[in-house]
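Observations on the three-dimensional arrangement
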Amino acid sequence: EKNTTKSEPKTFEELEENQEIAHRKKLLEGVLLELKPLEYDIILGRRLMDPPLTLEELALEKKLSRERIRQIELIVMDKIKMKIDRLKKANSLVH
């Protein structure tokens, strides 16, 4: 029988890496919750699904052009990056 649970970190570096991943995930989740429903759906479909949805699939679902879906995706990715950068800076001021 194979153990499918995650193993405990063996080194301090692994512990630090796990904490960093958890921190980044928490930041991303917070930013995603601030998105408008259309923005969230596009990012979920294009960046967080495996396999990702195509521009065509999202365009048909949302009744928008592929180009408009692509534009929204780029705008939202910039918005996410800016918000995460602001959160990181605010967090670094606290520590």
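Being a predicted model, the structure only gives us computed values, none of them experimental.

Residues E13, E14, E16 and E17 make up a contiguous surface patch of negative charge. Relative to the helices and strands, E17 resides in helix α1 (residues 12-33).

Okay, the packing of helix α2 (residues 37-48) against helix α3 (residues 55-62) next. Interaxial distance between α2 and α3 falls to 10 Å at its minimum, and their mutual angle equals 150°. Regarding the angle of α2 to α3, the classification is roughly antiparallel. As α2 packs across α3, the resulting crossing turns out to be right-handed. Counted together, L38, D41, I42 and R46 of α2 and L55, L58 and K62 of α3 form the full contact between these two elements.

Further remarks concern the nonpolar core. Soluble globular proteins tend to bury their nonpolar side chains together. Judged by nonpolar contacts, the single largest core of 15 residues is most densely connected at I43, V76 and I80. Put simply, the parts of the chain that give this core at least two residues each are α1, α2, α3 and α4 (66-94). For this core, the element with the highest residue contribution is α4, accounting for six residues. If we ignore the near neighbours within four places in the chain, the residues touching I43 are L32, L48, E73, V76, M77 and I80.

About the thresholds
- Numbering of residues starts from 1 in each chain and follows the order in which that chain's sequence is written.
- Residue-level local features of this predicted model are given only where pLDDT is at least 70; pairs of side-chain atoms are given and counted only at 80 or more, and the full residue set underlies all totals for whole chains, interfaces and linings.
- In computing side-chain properties, one takes all heavy atoms of the structure into account and sets aside hydrogens as well as water.
- The patches reported here contain residues having more than 30% relative accessible area and no salt bridge. Joining distances are 9 Å for like charges and 5 Å for nonpolar side chains (Val, Leu, Ile, Met, Phe, Trp, Tyr).
- Exposure was quantified through the Shrake-Rupley algorithm and a 1.4 Å probe, taking into account, for residues, occlusion by the shown protein chains and nothing else.
- Should a side-chain nitrogen of Lys or Arg be within 4 Å of a carboxyl oxygen of Asp or Glu, the pair is scored as a salt bridge.
- His is not counted here, nor are the chain ends, while Lys and Arg score as positive and Asp and Glu score as negative.
- In this description, the location of a charge corresponds to atom NZ of lysine, CZ of arginine, CG of aspartate or CD of glutamate.
- Helix and strand assignments follow DSSP, with helices taken as H or I runs no shorter than four residues and strands as E runs no shorter than two, numbered in order from the N terminus.
- Axis definition: a line fit to C-alpha positions, over the contact stretch in the case of helices; interaxial angles, taken between N-to-C directions, run 0 to 180 degrees.
- Note on terminology: angles under 35 degrees are roughly parallel, angles over 145 are roughly antiparallel, angles of 65 to 115 are roughly perpendicular, and the others are oblique.
- Crossings are assigned a handedness: left-handed for a near helix turned anticlockwise from the far helix by less than a right angle, right-handed for a clockwise turn.
- A contact between two residues is defined here by any heavy atoms of the two lying within 4.5 Å.
- Definition used in this section: a nonpolar core is a set of buried Ala, Val, Leu, Ile, Met, Phe, Trp, Tyr and Cys residues joined via side-chain atoms within 4.5 Å.
- Three labels apply to residues, based on accessible area from a 1.4 Å probe with only protein chains included: buried if under 20% of the type maximum, exposed if over 50%, partly exposed otherwise in between.

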